[in-house]
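Below, each chain spelled out in residue letters.
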Number of protein chains: 2
Amino acid sequence: MGERVYITEVGLRDGLQMLPQFVATADKLELCRALIATGVQSIEATSFVSPKAVPQMADAAELFAALPAAPEVTYSVLVPNEKGYERALAAGARDIALVLAATDTFNRKNINMSLEAATAVCETVIARGRGAGIRSRAYISAAFACPFEGATPMERVVALVGRMFDAGAEEVAIADTIGAGDPAHCQRLFRVLVSSWGAERLAAHFHDTRAMGLVLAWAALSEGVRRFDSVIGGLGGCPFAPGAAGNLATEDLVQMLEQSGFDTGIDVWGLRRTVRVAERILGQEIGGRVTKWLAAEERRRATAAA
Amino acid sequence: MGERVYITEVGLRDGLQMLPQFVATADKLELCRALIATGVQSIEATSFVSPKAVPQMADAAELFAALPAAPEVTYSVLVPNEKGYERALAAGARDIALVLAATDTFNRKNINMSLEAATAVCETVIARGRGAGIRSRAYISAAFACPFEGATPMERVVALVGRMFDAGAEEVAIADTIGAGDPAHCQRLFRVLVSSWGAERLAAHFHDTRAMGLVLAWAALSEGVRRFDSVIGGLGGCPFAPGAAGNLATEDLVQMLEQSGFDTGIDVWGLRRTVRVAERILGQEIGGRVTKWLAAEERRRATAAA
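Residues numbered from 1 in each chain as written. Chains lettered and ligands numbered in written order. Predicted model: local features only at pLDDT ≥ 70, side-chain atom pairs only at ≥ 80, totals over all residues. Heavy atoms only, no water.

Asks: Can you walk me through the pattern of salt bridges in this structure?
Replies: Opposite charge on two side chains permits pairing when their charged atoms draw close. Under the criterion given, the structure shown has 49 salt bridges over all chains. For the salt bridge of arginine 135 of chain A with aspartate 95 of chain A, the shortest nitrogen-to-oxygen distance reads 2.9 Å. Residue arginine 135 of chain A is found in strand E5 (residues 135–141), and its partner aspartate 95 of chain A is found in strand E4 (residues 95–101); the two are separated by 40 residues along the sequence. Owing to a relative accessible area of 41%, arginine 135 of chain A belongs among the partly exposed residues under this scheme. For glutamate 171 of chain B, the salt bridge identified is with arginine 137 of chain B, shortest N-O distance 2.9 Å. Remark: arginine 137 of chain B occurs in strand E5 (residues 135–141) and glutamate 171 of chain B occurs in strand E8 (residues 171–175); sequence separation between them is 34 residues. Overall, arginine 137 of chain B belongs to the buried group, its relative accessible area being 10%. (Salt bridge = Lys/Arg side-chain N within 4 Å of Asp/Glu carboxyl O. Helix = DSSP H or I, 4+ residues; strand = E, 2+ residues; numbered from the N terminus. Buried < 20%, exposed > 50% of the residue type's maximum accessible area, 1.4 Å probe, protein only.)

Here's what the structure looks like:
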């Protein structure tokens, strides 16, 4: 067995939240079951965000209550603030994720708060969670660049990571929200972060906007990171680059990692089937970049077996 | 200025050779001019292969004679054997490229020769070229895997690289012909090759079949390689994975390298325009994976400037 790499499937939240059509709770649950069948053991299931802001997540409590019982799977939920935290707790969540954008302008435009105020909210929620035995993961979003401010200063990201760990976060995920990172920058950033906090509690969340999702993952991996987020079929575009590719696709990431000798515990052919489930639910063709090869390989194997 | 990375545009040969429709010589020349306008300084222009085997390259001599005069550009041509070498020389070529597949079965199926016989042909052509002042580049193709034999043994690739250098090749390009490589394998292979011959005379040629084209390039780069092949728009599929992505796209590679601080001398917006030229010529949408982002960014900049 190769070295273990841990993948958190964030498709049910990050993959779906921007979709114009509401995906029925039953369909979300079907997608969830398909993901679990592939071997996925960490799923970000929904977001307790305001239903007005993100209608797609309006069924958060209902969905959370209906998630498949699977002792080996950890379900986390995103909470945007204290109100979301309280809703998540009431729904029974024990693992929460918070998002802290790394620039002042992004926070002001997105949640009408200064960076300092947004940081304080995260610190408060993490501390409250800690007191209640809730595990927190903090995303530092726009960690490479901000659509309003341009390149995000590395020392800012490092400082925010420190504040999240100091507040009691179990894990911090570095998120390239607009897919603006490059592998050289990524390696410099993770080198600093890993030297300060070790790789064990760091995760990486990439988008494929500029086609660099996999390269960024490999770059972070080269610095010791073993925790990655990804989304089935690469769902979820970037609102600042309409039409461009979305999240790093789980099937692309798993194919690369398994072929490179790492052990993800996830079956790439199961992911191929899950892409089909998602396509049926969404009524459109989706798929990461490796999907066409997987389809060709599937046909080749079927022919060889016939 | 960042460290220099040298890109050989192989689209006019590897990008077009598999296309069902013949691309007119004048159109090939237009594509060539567009590429030169982006700053590309090394172009594999055509192949002196049998016109029966590859009808797309039937205009090799005519095309070569009509290539734009550009003192800063090196034009190379592929030669499959001694006959092709003679045709190339007669056409005025001074830089040739040879392809040596790394497995016995691939050679037997493709050119009806044993691996040893195919190696000897390459050695003969390189030696003849050397005597005539012709620079040779040798591709070791199927260097990661063979569609017939599976994984290619690394020691075989190393031995063949040695034979090509010993014969007098100026450069050896490691080609992942069917896009089967992974970054871990790639780093192991180039570590051995660079330790034996240095990075200066080694090049890497990747396909995006399994979505790993850019990751493989980054992996090779991490081992010191600074010479890469790529194809505008990622043209050129893999015959063993119908429908899957083609060559590593020049625009994807340039975007990653320039953003990571390397200097390719190539303008990514020029590549965007060149993709449009290729689309007009081919009558179909093409484009590397970064193309949609480039298009979105182009619109954003136009709006900002308006």
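Moving on from the coordinates now.
Asks: I'm lost on the packing of aromatic side chains in this one. Help?
Replies: To describe a pair of aromatic rings, you give the distance between the ring centres and the angle between the ring planes. Residues and elements named next belong to chain A. Tallying each qualifying case throughout the model produces 8 aromatic pairs over all chains. On the basis of an interplanar angle of 40° and a centroid distance of 5.7 Å, the ring pair of phenylalanine 165 and tryptophan 197 is categorised as tilted. Residue phenylalanine 165 is found in helix H7 (residues 154–167), and its partner tryptophan 197 is found in helix H8 (residues 183–197); the two are separated by 32 residues along the sequence. Taking relative accessible area as the criterion, phenylalanine 165 reaches 8% and is therefore assigned buried. For arginine 137, the ring lying beneath its charged end belongs to tyrosine 139, and the centroid distance is 5.1 Å. (Phe/Tyr/Trp six-rings, centres within 6.5 Å; stacked < 30°, edge-to-face > 60°. Lys NZ or Arg CZ within 6 Å of the ring centre and 35° of its normal.)

Asks: Whenever I open this one, the packing of helix H11 (residues 268–282) of chain A against helix H12 (residues 291–305) of chain A confuses me. Can you help?
Replies: When two helices pack together, their arrangement is given by the angle between their axes and by how far apart the axes lie. Residue and element names in this part refer to chain A. As a packed pair, H11 and H12 sit with axes 11 Å apart at the nearest point and diverge in direction by 110°. Comparing the axis directions of H11 and H12 gives the class roughly perpendicular. Contacts between H11 and H12 pair Val268, Trp269, Arg272 and Arg276 from the former with Thr291, Leu294, Ala295, Glu297, Glu298 and Arg301 from the latter. Looking at the contact of H11 with H12, its residues break down into 4 nonpolar, 1 polar and 5 charged. (Axes fitted to C-alpha atoms, helices over the stretch in contact; angles between N-to-C directions. Parallel < 35°, antiparallel > 145°, perpendicular 65-115°, else oblique. Contact = heavy atoms within 4.5 Å. Nonpolar A, V, L, I, M, F, W, Y, C, P; charged D, E, K, R; others polar.)

Asks: Mind showing me how you'd approach the packing of helix H2 (residues 25–38) of chain A against H11 of chain A here?
Replies: All names here are of chain A. Contact geometry of H2 with H11 gives a least axis separation of 9 Å together with a crossing angle of 175°. Our classification of the angle between H2 and H11 gives roughly antiparallel. Contacts from Asp27, Glu30, Leu31, Ala34, Leu35 and Thr38 of H2 reach H11 at Gly270, Leu271, Thr274, Val277, Ala278, Arg280 and Ile281. The residue makeup of the contact of H2 with H11, split by class, is 7 nonpolar, 3 polar and 3 charged.

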